[in-house]
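# Fold and contact review
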Amino acid sequence: MDYNVSGDILNEGDRIKPRKIKQAIVEIVSDSGEGAQKCGQSFGAISAKMGNGVWTVEIIPAEIQPPARSREGASGIRVRIGSDKVTNMGNHADLVIALNEQVVYGRIRQDAYNGNTLMFIENKWAKSEQETIRQQYSEALLKFKELGIKVVEIPMEEECLKLMPDPRKGKNMWILGLLCYMYDRDIPKAENQIRRIFKKKTDAVIDLNIKLLHAGYDWARGNLPFRYEVTPMDVDDDMVVMNGNEALSMGVMASGIELCSMYPITPATSVSHHLAENFERVGGIVHQAEDEISAIGFAIGASFAGKPAVTVTSGPGLALKTEFIGLAVMAEIPFVIIDVQRGGPSTGLPTKVEQSDLLAAIYGEAGDAPKIVLAAATIEECFHFVVLARKLAESFRTPVILLSDANLATGVQPFPRPKIDPLWLTNPIDQSPWKDGAWPFEWDENTGTSKRPIPGQKGGMYTVTGLAHGQTGKVAYDPEINQASVESRSRKIASFQKSLKPPSINGDPEGDVLLVGWGSTLGAIEEAVADARAEGLKVSSLHLRFLFPIVPGLVDIFKRFKKVITVEINYSDTLGNPMVTQENRRYAQLAWLLRAKTLMDIDCFSNVYGQPLNPEKVLKMIKRELKIENSEVNV
Amino acid sequence: MLVQTHELCSVPSFDHDYGMEDYGKGVARWCPGCGGHSILTTVQRVCKDMQYEPEKTVVVSGIGCSGRFPHYMGTYGFHGLHGRAFPVASGVKFRRPDLNVFVVTGDGDCCSIGAAHWVHAIRYNMKMVALLFDNGIYGLTKKQTSPTSPLGTHSNTHPRGSVLPPINPIQTTLGLANVSFVAQTVDWNATHLYATIRKAAEHPGLAFVRIVQRCPAFMRDLYGDIAVNPKNLILLSHENGINLKPKAREAFGRVIEHDPSNIHKAREHAEIHDGIPIGLLYQNTANARYDEYGAHNLGMGIEEKKQNLESLLDQYSTSNSVE
């Protein structure tokens, strides 16, 4: 994008006709607590309401109040808006608004900016009373300019001081005003957005923030020599715009689940916050348990008693829940576990994205414990897959694990408004008498499925047990019974697999390289594939939603490509690194699974920088695989 | 099961009349002489006398000898994980106020691996009867020290004698937030055992009953003398407590008048070392109940749910008409 900025602000920028552009990537970076995310989310929401495609990614420090002006404490947000649907965070930012210079460094290390990036930076540091700060500031500006970033110092603090004595918590709305001018956003929509986000605050607070919005807008109009318009899409569909955790929460409510039993854990907790705020209005309730183990036990107890339940967690919580998941498999108690994945192992990177729980979700339990594992790839799927998960859980009398991740959790994207089907909301509780003489685990010989009695049903009394048991539910002392019951539980998962269709292919059904992904990387992979195909490369991709049991038809698809590579945000060994050999190389998790399932030599491209995948890195990898000149091997 | 209606009868009438046989199932596989047998029969008697519908009754247990309990009940049962009976039982009860819930847990189950849940179940105070089968030893895994084993207990994990003083479950429970019912009884006094579990079943909240239980296989000596001579038991007596007929009272060596509304005295009695105090130590029927919170919005119709969901979705709509 060509901004044509010399470094000095012009004073005669009024009434500039916006230039039409296809997309813009904007970042706001600040110390924690300065409201950068609120500003960016609002900018995204306003844009979505205007009909633009939107994707947002939050930049979250691990601490609540890290020290001010620290590189590690950077807090912020990236917002990508476009004339078409936006499915990922994109590559380098077009604009970054920085509230101090230190927080920019971390983003530079993450390769967020390049020579086309324009930076607006708070200029108050140049006049700081502390010499070290003045010095850090001027050094940073030089460094940023060396990197090719176009740096423009702007008087955010100074302008906001005209409206409030301490602009630390007001600057964000001033910046929103500036962005609204610069990208020609609709001001009444921005005002409504402010009223919405401050709805719990006083009128005085709302008024002040609206004034700040206008002040930022007016300042930009008086000072910026450029202005853009990202043309909206022509969509007739009624759209909704929300983040992935809100979509999970809405999905829980729409699925007919009526209990969410949880323990706080980043980045899953905001699902429960949303539920706590709204669930009771639709007949449900949140239980905050004393620990992760109790949270799942409570959900299982409720579901056993006929009340559909979900537990929401992240990696460390999933680890604690494994014994109960094994029990639910053994005792065939349907319920849903949502895992919003973060970086691991152990406490890992609590606020950062990773896709490292796949194998733990599928194989994490002691003993043989097959269950259904799904992964949402978009925010829309976060909604619909909860509905699906509940349905599968009850149809197949099994726990279902739904995987999301930190990227989807806070990413905001518009999607078609779901059409709520009243059938989703029905309760399984059946209090009519149990069929006389029927066993509590009357496994169908062909499908392995069975119907469960629910407390309250006369004649259905049985005892759930984690001990080996046969169709009567009684503890099995006969080894034949154990073999038969484990077979039955496996068979019902196979029955479900038989109902799945082969996945669709993005691109041609044959070619040189096929990329295989799962989860939140969908948008970045498909954009990279589109770019590669535009350059004439024979690349296609497919994305898996059903991870266990795995969708059918993969071998037939894979063999039509010269090379199959999974793209994942988790760890794999890189050949050429010390000690790594063909024999001991550890593969990314989906690659491991697919190699085992297909007996094909499937490669992987994965890393654990805690960052969402961007299309450029995938494209570079594709070119490297195809041995195309001039592709930097720097990923 | 007989179905009767007594129109002219003054006693409470039900449209059913459940007998002992409606609450039993199979043959209990505990060792001969195990305290579990008498507790099982007593719980079945209480269910019968309360005329609990077997299909509306759920017995939840953990793992250990006590964990087998639900298998021998004719009700719904949940034999879950070691230490996790409380979370499951709480989940069962939270949205099903119509169910009668019993929790059966052992000393390892409740006071060791599941101790966190014990603390919080007491605080949730959901209406259910919690029976702690305390025999002071791990039985099913064959004689390891339990958190309630007396100091110096010789076991397979402490062959030279255990080195830490035991947890006193009654004392601990009386120290927990929102505690509403704490009683203690013994497996070998059928009258007192029945009166205690009956009182617990009638309590509007979580009734915690520690049952001092004999283990003939691994802790034969622990309560041997006391069981033989009832004079070693100290009866806590009060008009609001667990009342025995005068003849039954005579069997006890010591009787202490104890008002179960007095938590400070209850804590003192919990710490008596030269005998076992049995009876109702504490009861408060006014405590907050989490099951009432859990059930406060039950029964919303599908149409209303759908309408409210649509209005929630409106908040996220990009449509201008919704602004």
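Rules behind the numbers
Residues numbered from 1 in each chain as written. Chains lettered and ligands numbered in written order. Predicted model: local features only at pLDDT ≥ 70, side-chain atom pairs only at ≥ 80, totals over all residues. Heavy atoms only, no water. Pairing = 2+ DSSP bridges. Helix = DSSP H or I, 4+ residues; strand = E, 2+ residues; numbered from the N terminus. Axes fitted to C-alpha atoms, helices over the stretch in contact; angles between N-to-C directions. Buried < 20%, exposed > 50% of the residue type's maximum accessible area, 1.4 Å probe, protein only. Domains from an automatic or database assignment. Contact = heavy atoms within 4.5 Å. Buried area = accessible area lost by both parts, 1.4 Å probe. Phe/Tyr/Trp six-rings, centres within 6.5 Å; stacked < 30°, edge-to-face > 60°. Lys NZ or Arg CZ within 6 Å of the ring centre and 35° of its normal. Core = buried A, V, L, I, M, F, W, Y, C linked by side-chain atoms within 4.5 Å. Left-handed = near helix turned anticlockwise from the far one by under 90°. Nonpolar A, V, L, I, M, F, W, Y, C, P; charged D, E, K, R; others polar. Salt bridge = Lys/Arg side-chain N within 4 Å of Asp/Glu carboxyl O. Polar contact = N/O pair within 3.5 Å; in protein donor to acceptor, adjacent residues only side chain to side chain.

### Here we look at the sheet that holds strand β18 (residues 511–518) of chain A
Residues and elements named next belong to chain A. Strand order in the open sheet formed by four strands is β19-β18-β21-β22, and the pairing between neighbours is parallel. What marks the edges here is a single partner per strand, and that holds for β19 (539–544) and β22 (603–606). Across the sheet, the mean angle from the axis of one strand to that of its neighbour is 25°, orientation sign disregarded. Summarising the sheet, β18 and β19 pair through six bridges and their orientation is parallel. Pairing of L515 across the sheet is with S541, part of β19.

### A closer look at unusual backbone geometry
The omega torsion across G344 of chain A and P345 of chain A is 0°, close enough to zero to call that bond cis. Of note, P345 of chain A is situated in the loop between β13 (335–341) and α12 (358–363). You will see that M579 of chain A, though not glycine, has its phi angle at about 75°, which is positive. Not every positive phi belongs to a glycine, and N125 of chain B is a case in point at roughly 50°. Along the polypeptide, N125 of chain B turns up in the loop between α4 (115–124) and β4 (128–134).

### Some thoughts on helix α2 (residues 85–94) of chain B
Of all the ten residues making up α2 of chain B, ten are buried; the element is thus mostly covered by neighbouring parts of the structure. Burial in α2 of chain B covers these residues: A85, F86, P87, V88, A89, S90, G91, V92, K93 and F94 of chain B.

### So, the domain arrangement of chain A
Residues and elements named next belong to chain A. Looking at the assigned domains, one finds that chain A contains domain 1 (19–230), domain 2 (241–425) and domain 3 (511–625). When each unit is reduced to the centre of its C-alpha atoms, the spacing between domain 1 and domain 2 is 33 Å. In this assembly, 15 residues from domain 1 lie in contact with twelve residues from domain 2. For the pair domain 1 and domain 2, the summed buried surface comes to about 1100 Å²; carbon and sulfur atoms form 56% of the total.

### What about the packing of aromatic side chains?
Remark: the centre distance and the inter-plane angle together describe each pair of aromatic rings, the angle taken between the planes. Per the counting criterion, the structure on display carries 27 aromatic pairs over all chains. Ring centres 5.8 Å apart and planes at 70° place the aromatic pair F496 of chain A and F546 of chain A in the edge-to-face group. Residue F496 of chain A is found in helix α15 (residues 479–498), and its partner F546 of chain A is found in strand β20 (residues 546–548); the two are separated by 50 residues along the sequence. Relative to F133 of chain B, the ring of F69 of chain B has its centre 5.6 Å away and its plane inclined at 90°; by these criteria the two rings are edge-to-face. Here F69 of chain B is found in the loop between β1 (57–61) and β2 (76–79), whereas its partner F133 of chain B is found in strand β4, with 64 residues between them in sequence. Taking the relative accessible area as the measure of exposure, F69 of chain B reaches 1% and is therefore buried. By relative accessible area, which is 3% here, F133 of chain B ends up buried. Here the aromatic cluster, defined as three or more aromatic residues joined through ring pairs, consists of F304, F441, W443 and Y462 of chain A together with Y76 and F78 of chain B. The ring of W125 of chain A has R69 of chain A lying over it, and the distance from NZ or CZ to the ring centre is 4.5 Å. Positioned above the aromatic ring of W125 of chain A, the side-chain terminus of K124 of chain A is 4.5 Å from the ring centre.

### Brief notes about the nonpolar core
Residues and elements named next belong to chain A. One finds I338, L544 and F558 to be the most contacted residues of the largest nonpolar core, which totals 147 residues. The biggest single contributor to this core is helix α13 (residues 379–395), with nine residues. The contacts of L544, once residues within four sequence positions are left out, are A375, P503, V516, G517, W518, G519, I550, V551, L554, L590 and L594. Counting residues in each nonpolar core, the second largest holds 50 residues, with I154, L179, F226 and Y228 among its members.

### Brief notes about the side chain of N245 of chain A
By the secondary structure assignment, N245 of chain A is in helix α8 (residues 244–254). Beyond its immediate chain neighbours, meaning those up to four positions away, N245 of chain A contacts P267, A268, S270, V271, V340, L408 and A409 of chain A.

### A few points about the packing of helix α6 (residues 187–197) of chain A against helix α7 (residues 203–223) of chain A
Helix packing geometry: the angle between the two helix axes and the distance between the axes. All names here are of chain A. Following both chains from N to C, one finds α6 and α7 inclined at 145°, their axes separated by 9 Å at the closest point. You can see that α6 and α7 cross each other, and the crossing is right-handed. Packed against α6, whose contacting residues are I187, A190, E191, I194 and R195, the element α7 presents I206, N209, I210, L213, H214 and Y217 at the interface. For the contact of α6 with α7, a count of residues per class yields seven nonpolar, two polar and two charged.

### Observations regarding the sheet that holds strand β5 (residues 95–98) of chain A
For sheets, the rule is that strands pair by backbone hydrogen bonds, running either parallel or antiparallel. Residue and element names in this part refer to chain A. Across the sheet, which stays open at both edges, the six strands sit in the order β3-β4-β2-β5-β6-β7 with mixed pairing between neighbours. Only two strands of the sheet have a single neighbouring strand rather than two, namely β3 (53–59) and β7 (150–154). Put simply, the sheet's adjacent strands are angled 15° from each other on average, direction ignored. Bridge analysis of β5 against strand β6 (residues 118–122) gives four bridges, and the strand direction is parallel. Directly across from A98, in β6, lies its bridge partner I121.

### Re the interface of chain A and chain B
On the chain B side, the residues contacting the 69 residues of chain A number 57 residues. Here chain A meets chain B over a buried area of about 5700 Å², counting both sides, of which 59% is carbon and sulfur. Ranking the residues of chain A by area buried against chain B places R281, R417 and M461 of chain A at the top, with a combined share of 11%. Linking chain A with chain B are four salt bridges, by the criterion used here. Residue E258 of chain A pairs with R95 of chain B through a salt bridge whose shortest N-O separation is 2.9 Å. The tally of links between chain A and chain B comes to 35 residue pairs in polar contact (both at pLDDT 80 or more). Residue contributions to the side of chain A that touches chain B peak at eight residues, all from helix α10 (residues 292–304) of chain A. Residues belonging to the side of chain A that touches chain B are distributed by class as follows: 36 nonpolar, 18 polar and 15 charged.

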